[in-house]
Structures are given as structure tokens and as C-alpha cells.
Amino acid sequence: MAGSIEKRGDNWRLTVTAGYDGSGNQIRYRKTVMADNKREAEKLLAAFVVEVNQGTAAVVGTGKMTVADFFAYWLENTPHEVNTEVYYLRLWPRINVAIGQIRIQKVEPRHILAFMRNLAEPGIKAGGGTLSLSTQKKYHAALKTIFKAAEKWRFISANPCSCVEAPRVKTAPKKVYDQEQTALFLQRLDGESLKWRAIVLLALSTGLRREELFGLEWQDINFNEGYLRVERAAVYTGKTHGIVEKVPKNHSSVRMVSVPQNVLTVIKQYKAEQAETKLKMGDMWIDSRKVFVSWNGEPAHPTSFTAYLRKFAIKNKLPHITPHLLRHMAATFLIQGGVDLRTVSGKLGHADGRVTMQVYAHLLQSSEQQTADLMGSIIENAQNNKISGSKKAAN
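(A) Region of interest: the nonpolar core. Phe185, Leu202, Leu228, Phe305, Ile321 and Leu326 are the most contacted members of the largest nonpolar core, which has 45 residues in total. Taken together, the elements giving at least two residues each to this core come down to α6 (179-189), α7 (194-206), β5 (227-230), α9 (261-281), α10 (303-315) and α11 (323-336). The biggest single contributor to this core is α7, with nine residues. In this view, Leu202 contacts Gly207, Leu213, Leu216, Leu228, Val259, Val263, Ile267 and Phe292; residues no more than four positions away in its chain are not counted. Core analysis: the second largest hydrophobic core is formed by 30 residues, Leu75, Leu119, Ala142 and Cys161 among them.

(B) Structural detail: the sheet that holds β5. Here we have three strands laid out as an open sheet, ordered β4-β5-β8, and antiparallel in their pairing. Where the open sheet ends on each side, the last strands, each with one partner, are β4 (221-222) and β8 (255-258). Two strands pair when backbone bridges link them, and β5 and β8 are joined in this way by four bridges, in the antiparallel orientation. From the neighbouring strand, Leu228 faces β8, where its bridge partner is Val257.

(C) Structural context of unusual backbone geometry. Not every positive phi belongs to a glycine, and Arg289 is a case in point at roughly 70°. Tracing the sequence through the fold places Arg289 in the loop between α9 and α10. The exposed category is assigned to Arg289, whose relative accessible area is 52%. Although it is not a glycine, Lys317 adopts a positive phi angle of roughly 55°. If you trace the backbone, Lys317 turns up in the loop between α10 and α11. Given a relative accessible area of 77%, Lys317 falls into the exposed group.

(D) A look at the packing of helix α2 (residues 67-77) against helix α3 (residues 82-99). The interhelical angle for the contact between α2 and α3, taken along N-to-C directions, is 170°, at an axis separation of 10 Å. In terms of their interaxial angle, α2 and α3 are classed as roughly antiparallel. Residues Val67, Ala68, Phe71, Trp74 and Leu75 of α2 pack against Glu85, Tyr88, Leu89, Trp92, Asn96 and Ile99 of α3. Each residue belonging to the contact of α2 with α3 can be placed in one class, and the counts come to nine nonpolar, one polar and one charged.

How each quantity is defined
- Residues numbered from 1 in each chain as written.
- Predicted model: local features only at pLDDT ≥ 70, side-chain atom pairs only at ≥ 80, totals over all residues.
- Heavy atoms only, no water.
- Core = buried A, V, L, I, M, F, W, Y, C linked by side-chain atoms within 4.5 Å.
- Buried < 20%, exposed > 50% of the residue type's maximum accessible area, 1.4 Å probe, protein only.
- Helix = DSSP H or I, 4+ residues; strand = E, 2+ residues; numbered from the N terminus.
- Contact = heavy atoms within 4.5 Å.
- Pairing = 2+ DSSP bridges.
- Axes fitted to C-alpha atoms, helices over the stretch in contact; angles between N-to-C directions.
- Parallel < 35°, antiparallel > 145°, perpendicular 65-115°, else oblique.
- Nonpolar A, V, L, I, M, F, W, Y, C, P; charged D, E, K, R; others polar.

Here it is, written out as C-alpha cells:
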């Protein structure tokens, strides 16, 4: 591996060559350093050669690239689903204002620290107020991902986010409906349309994500065997791309989920009603094959579920509820009912059982306390029997 040094004013430029790329161009690594003399520069060159050998040096030709330039390059060269790309584009404006024009090789941890401090300042939001800790954490995670790619592709030698801690977010347990509220909720639901009864009951009984519910097609439901298959999700990405279909959140999210028979009965009734509407509409009906549709057969909008639940709760003087809270209720009732964590995790489509453990730790602690009470009773009963037996033996 060849290396050379070149005097440039008060500094020295180090150059190391390391073979050729796929296009036949020589791969060169460069670094400008300060040294008192040539001998000191040669020592720095030797250290630079080690960096190149270890894969921690940046490839030459990226020195003038700004963070904004790299962000565009990263989006173009990284396969992202539409909703993921939209997510990063939503975060980008603030990042661009803060560090977008800095050369990517010049970004240091201090720049990231300054940006994170700025995110925590009052009045940072357009309408005033502060960003939540969870939102601040999203910015940190996005930056870390972007710079990780820059490091991997050797645009930079180290990720400046690696030594900057993300905000610590304390997640409080979700407040689900108690038994009395759930009973009232289900009683009032009986007076709603078949479509909304089917959606709500399916969400509550299976724990499906909102996007998974609206990605369902009739072919996914096996009425005879009593289960459905989750294979796709309908995600709203904003006005630019609208609703897009994607594979579920992770590999474990593609799953078969059992459905209670009383819920399947409501879904069958809704299916029959949908078939009648289709006949009445004739050529105006759009056959989307989706389970949950609009008045003309087009796929229903996922956000319509959120809006419906908000209005339903207000109308019936119930606490605020969302599709995601119904998912939490499903998991909570299962765990409280004694279903093991692995089964609950599989039903929810969590990629890692540790996620389920984290979210529902408070319930598991309660169950664990019950085991202590149970074992205490067993020991007490055994001791009482032993005492009773001793008395009989004595008599």
C-alpha cells in the first residue's frame, strides 16, 4: 500500500493508494494534517496507512460533499419504502438548517450536540412550544442512521453521532379501559353500523395494527378455520403519495391470527351487506377486494378509523381511545387472562419478544406477584395439612 506526503502551505497532505474500484479507477485516501517537519509528517502518514488498512479512513473525492449533498445521495442509493422516505423527508428541514451546508467530513460531535440542544429549546415548533423527547429522539436516530451509511461507504472515518447520547424517554404504561368502561364501550358499539362494529371488534380481539386492518382483503379471512392472514399493510404517507401498500412492519408481522367466532359472525354480516351494496351500485362500484371499503368500494382510508373512534368516545362520554390503544387493550386482556408472553408477542406481530416484555412489564410484574401469593397459599395449605395430620396421629 503506497503512500506519499506533499507540503501545502503550513500543512501537509497525506495520500494513500489502495488498489482499484470496479470501474478501474485507483482508490485514493487523503488527509490534510499539521506537522512541524517532514519527519513528523511521515509518522502521521504511517498512522494514516494503518487507518486505511483498518477501513476507518474516508475515500478521497468526498471532501467537498455537504451533509445536504450526502442526504440526497443516501436517499438515491438506499432502498426505502415510500413511507420511510417520507418520514426522513419530514425530519430533514430542521437538520438541513442546522448542519446541511457543513461539509460531511467536517461534522463533529459538537455540531450534533448543538443541534440536539436546539431541538430542546422552547419555541422550536412553528406554533410555539417544545418538541417532545420522543420527537427529539427520532431526530437523533435519523442522524445516526444517515451518518452510519456515510461511515460505511467511507465518506467519513467516524460517525459523529456515536458519542452523543439520545434523549432518554420514559414510557408510561398505556391507560386502557377498565372492565366497566370496556363493557359500556361494547354496549354502545352495538348501535353502530356493521362496518364499524366489524373493524372495532376485529381490532380489539386480534390486536392488529391499524394499517394491517386496512390492508386486509377478503381472501385473507378463512371463515371455516377461524383465522386470518396478515400479509400487507395500507399506510397513509401524506398528500404526495397518498395510501401505499407495503409488507407488514417486520418479518414476524406476516402471520396467521385466530379470530373469535362471534367476531367472525359480525364480519360475515358485514360482508353480506357489502355484497348487497355492490349489486345496487352496479358499474359505479370499484372492486378493490378490500375488506374495509368506502361507500363505492374504494379502500377505506386508515385515518378514518382514528377519526371515528374520537367521535365515538365523545358521543358516548368515554375516555379518549385510538386504534393503537385497542391493540394495547387486546394484549393487556390476554396477559391478564394468563396467556404466555410468547403467544401474545406472536399475535401482535412483534419481531422480538423483548419488545412485548418492555411494553407490558407492569402487567408481568403484577402476574409475578400473583405467583408469590399462589406459592404462599400452597405452602400454607401444606403446613396446615401437616399440622392436622399430626394432631390425628397424636389422637
